[in-house]
Amino acid sequence: VLVVDDAEDLLELVAYVLRDAGFVVRTAVNGVEALFAAYEMQPAVIVMDMKMPLLDGIEATRLIKATEATRHAKIIAHTADPSLPDPVVQRLFAAVLPKPSPPDVVLTAVQSAASL
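Predicted, not measured: the structure shown is a model, and the values here were computed from it.

Conventions and cut-offs
- Numbers given for residues are sequential positions, taken from 1 along each chain in its written order.
- A pLDDT threshold of at least 70 governs which residues receive local features in this predicted model, and a stricter bar of 80 or more applies before side-chain atom pairs are shown or counted, although totals over entire chains, interfaces and linings include all residues.
- Side-chain metrics in this entry use all non-hydrogen atoms of the structure; hydrogen atoms and water are not considered.
- Labels follow the DSSP assignment, with helices taken as runs of H or I lasting at least four residues and strands as runs of E lasting at least two, numbered in each case from the N terminus.
- Two residues qualify as a contact provided that any one of their heavy atoms is within 4.5 Å of a heavy atom in the partner residue.
- Shrake-Rupley sampling with a 1.4 Å probe provides the accessible areas, and residues are treated as covered by the protein chains on show and by no other component.
- Under the convention used here, Asp and Glu are negative, Lys and Arg are positive, and both His and the chain ends fall outside the count.
- Where a charge sits is defined by one atom per residue type, namely NZ (Lys), CZ (Arg), CG (Asp) or CD (Glu).
- To estimate how far a helix should reach, multiply one less than its number of residues by 1.5 Å.
- For the exposure calls, accessible area comes from a 1.4 Å probe over protein chains only, and a residue counts as buried if that area is under 20% of its type's maximum, exposed if over 50%, partly exposed in between.
- This arc describes the spread of directions from the helix axis toward the C-beta atoms.
- Nonpolar core, defined: a set of buried Ala, Val, Leu, Ile, Met, Phe, Trp, Tyr and Cys residues in which side-chain atoms within 4.5 Å join the residues together.
- Under this definition, polar contacts are N or O atom pairs within 3.5 Å; protein pairs additionally need one hydrogen-donor-capable and one acceptor-capable atom, and for neighbouring residues in sequence, both atoms have to be side-chain atoms.
- By convention in these notes, a salt bridge is any Lys or Arg side-chain nitrogen within 4 Å of a carboxyl oxygen on Asp or Glu.

Student: Is there a simple way to think about the overall build of the chain in this case?
Tutor: The secondary structure content of the chain amounts to 5 helices and 5 strands. If you line up the chain on its principal axes, its C-alpha atoms span 30 × 30 × 30 Å. A separation of at least 24 residues holds for 57% of the contacts in the chain among residues at least 6 apart in sequence. Here the chain has roughly 5,900 Å² of accessible surface; of this, 57% comes from carbon and sulfur atoms. Here the chain carries 9 positive and 15 negative side-chain charges, and the mean point of each set is 8 Å from the other.

Student: What exactly am I supposed to notice about helix 1 (residues 8–20) here?
Tutor: Because an α-helix packs 3.6 residues into every turn, residues spaced three or four apart end up facing the same way. Helix length check: helix 1 (13 residues) gives 18 Å between terminal C-alpha atoms against 18 Å at 1.5 Å per residue, within 8%. Along helix 1, the positions that sit buried rather than exposed are Leu 10, Leu 11, Val 14, Ala 15, Val 17 and Leu 18. The buried residues of helix 1 occupy one face: seen down the axis, they fall within an arc of 160 degrees. Exposed positions of helix 1 whose direction lies more than 90 degrees from the buried face are Glu 8, Asp 9, Tyr 16 and Asp 20.

Student: I keep staring at the nonpolar core and nothing clicks. Help me out?
Tutor: A general feature of soluble globular proteins is that nonpolar side chains tend to end up buried together. By size, the foremost hydrophobic cluster in this structure holds 22 residues, and its most contacted members are Val 4, Ile 46, Met 48 and Phe 93. Only strand 1 (2–4), helix 2 (31–41), strand 3 (45–49), helix 3 (57–65), strand 4 (74–79) and helix 4 (86–92) provide two or more residues apiece to this core.

Student: How do you make sense of the environment of Arg 26 when you look at a structure like this?
Tutor: Residue position: Arg 26 is located in strand 2 (residues 26–28). A sequence separation of 23 residues divides Arg 26 from Val 3, and the C-alpha atoms of the two residues are 6.3 Å apart. Residues within four places of Arg 26 in sequence aside, it is in contact with Val 1, Leu 2, Val 3, Ala 37, Glu 40 and Met 41. Polar contacts involving the side chain of Arg 26 include one to the side chain of Glu 40, which spans 2.9 Å.

Student: Would you explain the pattern of salt bridges in this entry?
Tutor: Where charged atoms from two side chains of opposite charge come close, those side chains can pair. Enumeration over the complete set of coordinates arrives at 5 salt bridges. Across the pair Glu 40 and Arg 26 runs a salt bridge whose closest N-O atoms are separated by 2.9 Å. On the criterion of sequence distance, the pair formed by Glu 40 in helix 2 and Arg 26 in strand 2 is long-range, its members being 14 residues apart. The exposure class of Arg 26 is partly exposed, given its relative accessible area of 33%.

Set out below in structure tokens:
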């Protein structure tokens, strides 16, 4: 699982919860790092913050989905603004989680996306 967020405390919490559940986890602090990490790791699931510096979550997700090596990833939008446009959400994201979400909700969403 790749966890992407520019808020370090939230990034570490989500990564900890997923590692504790047995997932292999890598982190990135912005959309540009996420692109490189996704290409190198080719994760099954990505938990993607939507508002970040350098490259936001929607654009990072579009680029990840446009690349053959990474388009298979199930991407979960993790956002403080859950009003993402429906066509964008349907096409790009496996799920949308409000931010912050309780750790068990994040874990359940990742487990669900991993099993798709």
